[in-house]
Structures are given as structure tokens and as C-alpha cells.
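# Understanding the architecture of this molecule
Spelled out, the chains give:
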Amino acid sequence: NNSRIQKFSGSGAYLTQWGTFGFANGQMEYPSDVATDFAGNVFVADHGNNRIEKFTGTGTYLLKWGTFGGGNGQLFGPGGVAVDAIGNVSVADAGNSRIQKFSGSGTYLIQWGTGGSGNGQFSFPSGVATDAANNVYVADASNYRVQKFTLTGAYLTQWSSSFSLPQGIAVDASGKVYVADTYSDRIQVFTSGGAYLYQWGSTGSGNGQFSYPYGVATDAAGDVFVVDTGNNRVQKFAPASTPTTTTTWGRIKSLYR
């Protein structure tokens with residue numbers, strides 16, 4: 001809602017920020033997700049402007065792609081964005097009920113999905129993540145499930161676990177899949193094949209509690225970062241079967257639901 005990207009150290013120390021509300025290069029309208037490549041470049045799903053923007057790690061604008069529409073390379077309310085091990089960018093094209101994949105420079109490569117609830121179909125896909133084998137995991141929000149695909153979009157499997165609007169999704173180095181189960185105020189964890197492992201979180205504003213968790217990410221050490229949207233903060237958890245809060249930063253500016 002501040003139409004910007006903020007960057008922090010792993011312990012939450014503020015480093016830098018960039019972006020203002022608008023439509024020009026480097027401006028944003030309700031950015032919904034962020035991802036990085038191995039060179040440290042930052043890709044932003046500029047949701048309201050129906051495009052992806054790419055920046056250096058310090059916020060220098062590099063390029064953009066996408067216009068409003070349903071054609072190849074066009075976008076309608078992009079939600080999640082993920083960069084795989086070969087540098088390709090997968091985008092959850094939520095309004096078009098599909099996944100699109102691009103090169104790191106924005107060249108359209110492939111797409112898959114249509115509206116519906118069948119295998120490989122979507123209803124407002126929100127989050128997207130990739131694993132070491134470049135498989136693609138999609139938080140199929142309004143179908144209350146996760147779907148898994150090959151790097152070329154071939155359907156592999158799906159699972160649900162009493163989800164209530166799953167939105168953010170991440171895969172760690174060991175292949176565990178973390179899902180931000182937004183309306184249930186919790187994080188659920190699964191194997192790469194969808195077997196349930198554990199969960200944490202409850203409704204509230206205390207350490208380890210959530211109010212509409214939206215985004216989730218992991219680092220090389222296995223720590224888990226959760227964008228706790230309704231509490232306007234980020235929480236960091238140590239890797240464990242029952243994670244504990246190690247760091248919290250941010251403060252409540254306004255509550256919105």
C-alpha cells in the first residue's frame with residue numbers, strides 16, 4: 001500500500017527503499033510479490049500496473065514487461081513471481097487464471113492454465129515458487145489447494161489441507177514447501193509431494209501469531225520469513241518442526257482486511 005520496495009538485512013535492519021505510486025518506470029501500484037535471481041536483481045509483480053519490473057539489488061530500474069490483457073506476455077493483476085535456477089521468471093497471472101514464464105529479460109516463453117477447478121486449471125492463482133529441479137508450485141488460492149508442475153507446465157500433483165485462501169508459497173533448499181494459509185492465520189509445511197508435515201501460527205499480534213499472513217520466503221540457512229500483512233510486519237522463524245520467532249520488525253500503521 002506504500003507502492004514501494006523496502007530492503008532489510010536478515011535481522012531486520014533497514015537498508016534502502018525505492019518506488020513511489022504511479023505508472024512510470026520504477027513506480028508501482030500495489031506491488032504484490034518480489035523475487036531475486038542469483039545476480040541479486042529484484043523482480044516485482046507490479047499488480048495494479050499489470051506488469052513485472054526488474055531492478056538491481058540497490059533499486060536501480062532496469063526494465064519492465066507486460067501490459068493489461070490476455071494475450072501472450074500480457075498480464076491481468078499478477079500476483080506471485082518466482083525465479084528458477086536457470087533464471088527464468090514464473091508469474092502467477094491471477095486475473096487470467098494461468099502461469100506465464102519469461103526469460104530474465106522479459107521474453108515470453110510459455111504459459112499454462114485456464115479458469116476452473118480441474119487438474120492444471122486455476123482460480124486466482126496467487127503465489128508461485130520453484131524448487132532445485134525447477135518444478136513450479138502454485139498457490140491456487142480460490143481453489144484452496146497447491147498444484148505442482150514441471151518446468152514446462154506439465155501437471156504433476158496437487159494437494160489441499162483445509163486451506164482457507166492459500167496465497168504465499170515457498171520451497172526451501174531441502175524441498176519442503178511452506179504455504180501461507182492466509183485466512184487461517186498459519187503457515188503449513190509439506191513435502192515436495194504434498195504430504196503434510198507440520199504447521200504453526202494462530203490469530204493475534206503476539207510473537208508467532210498472524211493476521212492474514214500473505215507472503216512467505218526462506219533463506220539458505222532454512223530460516224522462514226513471513227509477511228504478516230494485517231499486523232504490518234515481517235516475522236522471522238528458525239527452521240524446526242515447531243518454529244520459534246527469532247526476529248520481528250515493522251509496526252502497525254493501519255489494519256485493513
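Notes on the structure follow. (Residues numbered from 1 in each chain as written. Predicted model: local features only at pLDDT ≥ 70, side-chain atom pairs only at ≥ 80, totals over all residues. Heavy atoms only, no water.)

### Some words on the overall build of the protein chain
- What the protein chain contains, in helices and strands, is 0 helices and 22 strands.
- On C-alpha atoms alone, the protein chain measures out to a radius of gyration of 17 Å, which is about the 18 Å that the 2.2 N^0.38 rule sets for 257 residues.
- Overall, the C-alpha framework of the protein chain stretches about 45 × 40 × 35 Å when taken along its three principal axes.
- Counting all 257 residues of the protein chain, 51% fall into the buried class.
- Long-range contacts, defined here as pairs at least 24 residues apart, represent 36% of the contacts in the protein chain between residues at least 6 apart.
- Accessible area for the protein chain stands at about 10800 Å²; split by element, carbon and sulfur atoms hold 53% of it.
- The averaged location of the 15 negative side-chain charges in the protein chain is 4 Å from the averaged location of its 16 positive side-chain charges. (Helix = DSSP H or I, 4+ residues; strand = E, 2+ residues; numbered from the N terminus. Rg over C-alpha atoms; globule rule 2.2 N^0.38 Å. Buried < 20%, exposed > 50% of the residue type's maximum accessible area, 1.4 Å probe, protein only. Contact = heavy atoms within 4.5 Å. Areas by Shrake-Rupley, 256 points an atom, 1.4 Å probe, with all protein chains shown as cover. Lys, Arg positive; Asp, Glu negative; His and termini not counted. Charge placed at Lys NZ, Arg CZ, Asp CG, Glu CD.)

### Regarding the sheet that holds strand β9 (residues 98-102)
- The strand order β7-β8-β9-β10 describes an open sheet built from 4 strands, whose pairing is antiparallel. Of all the strands in the sheet, just β7 (78-83) and β10 (108-112) have a single pairing partner and so form its edges. Adjacent strand axes in the sheet meet at a mean angle of 20° when their direction is disregarded.
- Where β7 meets strand β8 (residues 89-93), 4 bridges bridge the pair, whose relative direction is antiparallel. Across the sheet, Pro-78 pairs through a bridge with Asp-93, a residue of β8. (Pairing = 2+ DSSP bridges. Axes fitted to C-alpha atoms, helices over the stretch in contact; angles between N-to-C directions.)

### Focus on the environment of Gly-250
- Tracing the backbone through its elements, the reader meets Gly-250 in the segment after β22 (245-249).
- In this structure the C-alpha to C-alpha distance between Gly-250 and Tyr-137, which are 113 residues apart in sequence, comes to 29 Å.
- Ignoring any residue separated from it by four or fewer positions in sequence, one finds Gly-250 in contact with Asn-232 and Arg-233.

### Structural notes on the sheet that holds strand β18 (residues 196-200)
- Strand order in the open sheet formed by 4 strands is β15-β16-β17-β18, and the pairing between neighbours is antiparallel. Single-partner strands in this sheet number two, and they are β15 (166-171) and β18. Taking the axes of each pair of neighbouring strands and ignoring which way they run, one obtains an average angle of 20° across the sheet.

### Looking at the environment of Ala-92
- Relative to the elements of secondary structure, Ala-92 occurs in strand β8.
- Residue class for Ala-92 comes out buried when judged on its relative accessible area of 0%.
- Residues Ala-92 and Gln-121, 29 residues apart in the sequence, show an inter-C-alpha distance of 12 Å.

### Structural notes on the pattern of salt bridges
- On inspection of all chains with the given rule, the structure shows 9 salt bridges.
- The partner of Asp-172 in a salt bridge is Lys-176, with the nearest N and O atoms 3.2 Å apart.
- Here Asp-172 falls in the buried class, since its relative accessible area comes to 9%.
- With a relative accessible area of 24%, Lys-176 lands in the partly exposed category.
- For Asp-228, the salt bridge identified is with Arg-233, shortest N-O distance 2.7 Å.
- For Arg-233, a relative accessible area of 10% gives the class buried.
- What emerges from the salt-bridge pattern is a single network uniting Asp-46, Arg-51 and Glu-53. (Salt bridge = Lys/Arg side-chain N within 4 Å of Asp/Glu carboxyl O.)

### Let's talk about the pairing of strand β20 (residues 224-228)
- Extensive coverage of β20 is indicated by the burial of 4 of its 5 residues.
- Pairing analysis gives 5 bridges linking strand β19 (residues 213-218) to β20, with the strands arranged antiparallel. Each bridged residue has a counterpart across the sheet, and for Pro-213 the counterpart in β20 is Asp-228.
- If you look at the hairpin formed by β19 and β20, you'll find 5 residues sitting between the two strands, and Gly-222 has a positive phi there, around 90°.
- Bridge analysis of β20 against strand β21 (residues 233-237) gives 5 bridges, and the strand direction is antiparallel.

### Thoughts on a nonpolar patch on the surface
- On the surface, Phe-21, Phe-23 and Tyr-30 cluster together to form a nonpolar patch covering roughly 360 Å² of accessible area.
- When you line up the elements, Tyr-30 lands in the loop between β2 (14-18) and β3 (31-36).
- Judged by relative accessible area, Tyr-30 falls into the partly exposed class, the value being 44%. (Patch = residues over 30% accessible without salt bridge, like charges linked within 9 Å, V, L, I, M, F, W, Y side chains within 5 Å.)

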